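One letter stands for each residue in the lines below.
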Amino acid sequence: AGSWPLSLWMLGMALAVVAMFAFTRLSAATSPRDSWYLAARAFVLAELVASLEWQLWVHWSPTVPSAQADPFGFAASLALLVSAYGLGFGAAYLAERRNFPRRAPLAVNGRTLTTAGGIAIATFLTSNLSFFSTTTPFSGRQAMDIFYIRTLVDLAGFVALYAQQSNRNRTRDAIELAEARAVMSAQHKQYVESKRNAEDLRRMHHDLKHYVAAMRSEDSAERRSEYLQALEDAFRGYESQIETGNSLLDTVLGSKLKRCQQLGISMTCMVDGAALDFMDPMQLSALFGNAIDNAVEASARIADPERRSVKVSAFAQGGFMTIRFENHLPHPVEFVDGLPQTTKGDRARHGYGAANMRWVVESLGGSLSFSVEDGWFIVRALIPRTRERKPV
């Protein structure tokens, strides 16, 4: 390849990137956007390791290297290549395995992909500038200088991409921590409110006989109506207490129901919470919290109050758990790789909900689907009940 025209070399590099994308897309459960992101990072890493091997080869070469001559001999050159590539990719694996935890979806958005692609292209062009021209301030003239510059630039590009992914992980960890704290806070509030409600209900039960006696003795239909209205007002708000058989799920659904009541949204729940005991608290809160939040936000944009409704159902059937969320649509939905795309302006900070829901379901060996049917947006989850946990 060293004797090929420069145009064919550039074409070969482009085909190498496409091959990396195709390999990642076919061998891993990733979306096209995620695959391009991984291909950009793989390309920069490959450039770095190749440059390092060439730099060592030039440094230890007893003669001037060329495409026609091998100053080391085939065996020594092969040993150097295997050693450099093995150590380079091995070190990258040890570093990157913490950067790509299996517990979290990749969920690359457009801004992240654009940034990673820009870093990869800038790294490639800058590191190979000396092969195009040796007259620029950033070019080298000697073989050792050329590869030294190339290795440093490729290393800088790899570090930049590594830092980008690390920052994405820190952001996601911060979001998960905030969600966990929100769940704990909601549980505490639910406990305090349940205790207060129990005391109020005991007091109201004690006073109920007085209301009944007053209504019985009242001859005026209008006054009886006022008594009934007062009694109804006194009990209003207690219907937000949900009991599914799972205390954490009761907390999540109870808080969402209150929000729906504040926004004038009808929310109906038919949930067998006891059958969901095999899911841990974070999985439950991530799946139900994200799904209902999205449904509530969509319903709040609908002007017609008759169409502002959210339906939640979950029940066990055989060895599987079927979970379903439904809400009316205020606008058309765009799907990419089976996931609905966020309509919020800042897509870099939003749009993780659907991906997190998919990760939760798939981490349990299930499947998650999104669809639009007769004006309803429907989320379906089918999860095998293969792991039993103690009730939360």
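Everything that follows concerns the structure shown earlier in this document.
Novice: Any chance you could explain the sheet that holds strand β6 (residues 367-373) here in plain terms?
Specialist: Strand-to-strand pairing in sheets goes through backbone hydrogen bonds, with the strands running parallel or antiparallel. An order of β1-β2-β3-β7-β6 is seen for the five strands of this open sheet, with the pairing classed as mixed. Of all strands in the sheet, those bounded by a partner on one side alone are β1 (266-271) and β6. Between one strand axis and the next, the sheet turns by 10° as a mean value, whatever way the strands run. In this sheet, strand β7 (residues 376-384) lies alongside β6 in antiparallel orientation, the contact comprising seven bridges. The residue bridging V372 from the neighbouring strand is F377, located in β7. Sitting on the sheet, helix α9 (residues 281-300) touches β1, β2 (309-317), β3 (320-328) and β7, and the angle it makes with β3 is about 15°.

Novice: In this structure, what is going on with the state of the cysteines? I would like to understand it.
Specialist: Think of a disulfide as a covalent bridge from one cysteine sulfur atom to another cysteine sulfur atom. Evaluation of the coordinates by the stated rule reveals zero disulfides. Just so you know, C260 is unpaired, no disulfide at all, and the nearest cysteine sulfur is the one on C269, 8.2 Å from it. For C269, a relative accessible area of 28% gives the class partly exposed.

Novice: Please clarify how the packing of helix α2 (residues 32-60) against helix α4 (residues 110-127) should be interpreted in this entry.
Specialist: Between two packed helices, the angle of one axis relative to the other and the distance separating the axes together describe the packing. Orientation of α2 relative to α4, taken along the N-to-C sense of each, is 25°, at an axis distance of 9 Å. With respect to α4, the axis of α2 lies roughly parallel. The chirality of how α2 crosses α4 is left-handed. On α4, the residues that touch R33, W36, Y37, A40, F43, V44 and E47 of α2 are G110, T112, L113, A116, A120, T123, F124 and S127.

Novice: Help me out: how do you make sense of the pattern of salt bridges in this one?
Specialist: Once the charged atoms of two side chains with opposite charge are near each other, the side chains can pair. With the rule as written, the count across this model stands at seven salt bridges. Here R150 ties to D154 by a salt bridge, and the two come within 4.0 Å at their closest N and O atoms. Of this pair, R150 and D154 both sit in helix α6 (residues 143-217), four residues apart, which is roughly one turn of the helix. The same class applies to R150 as to D154, namely buried. The shortest N-O distance in the salt bridge between D293 and K256 comes to 2.7 Å. Of this pair, D293 sits in helix α9 while K256 sits in helix α8 (residues 247-263), and the two are 37 residues apart along the sequence. By relative accessible area, which is 14% here, K256 ends up buried. If you follow the salt bridges from partner to partner, you end up with E47, R150 and D154 in one network.

Novice: Explanation requested: the packing of aromatic side chains in the structure shown.
Specialist: Centre distance and the angle of the planes are the two values used to describe a pair of aromatic rings. Here the structure, examined in full by the defined rule, presents seven aromatic pairs. Seen in terms of ring centroids, F158 and Y162 are 6.4 Å apart; in terms of plane orientation they differ by 35°. Their pairing is tilted. Here F158 pairs with Y162, and both are found in helix α6, just four residues apart, close to one helical turn. By relative accessible area, Y162 is classed as partly exposed at 28%. The aromatic ring of Y37 is capped on one face by R168, whose charged end is 5.9 Å from the ring centroid.

Novice: Please clarify how the environment of D154 should be interpreted in this entry.
Specialist: Relative accessible area serves as the criterion here: at 0%, D154 is assigned to the buried category. The spatial distance from the C-alpha of D154 to the C-alpha of L48 is 4.9 Å, given a sequence separation of 106 residues. If we skip the residues at most four places from it in the chain, D154 touches V44, E47, L48, S51, T123 and S127.

Novice: Honestly, unusual backbone geometry in this entry has me stumped. Any pointers?
Specialist: Phi is mostly negative for residues that are not glycine, and the peptide bonds are mostly trans. A positive phi angle, close to 55°, is found at D374, a residue other than glycine. By the secondary structure assignment, D374 is in the loop between β6 and β7. Note on D374: relative accessible area 79%, which makes it exposed.

Reading guide: rules and limits
Residues numbered from 1 in each chain as written. Predicted model: local features only at pLDDT ≥ 70, side-chain atom pairs only at ≥ 80, totals over all residues. Heavy atoms only, no water. Pairing = 2+ DSSP bridges. Helix = DSSP H or I, 4+ residues; strand = E, 2+ residues; numbered from the N terminus. Axes fitted to C-alpha atoms, helices over the stretch in contact; angles between N-to-C directions. Contact = heavy atoms within 4.5 Å. Disulfide = S-S within 2.5 Å. Buried < 20%, exposed > 50% of the residue type's maximum accessible area, 1.4 Å probe, protein only. Parallel < 35°, antiparallel > 145°, perpendicular 65-115°, else oblique. Left-handed = near helix turned anticlockwise from the far one by under 90°. Salt bridge = Lys/Arg side-chain N within 4 Å of Asp/Glu carboxyl O. Phe/Tyr/Trp six-rings, centres within 6.5 Å; stacked < 30°, edge-to-face > 60°. Lys NZ or Arg CZ within 6 Å of the ring centre and 35° of its normal.

Remember, this is a structural readout, not a statement about activity or role.
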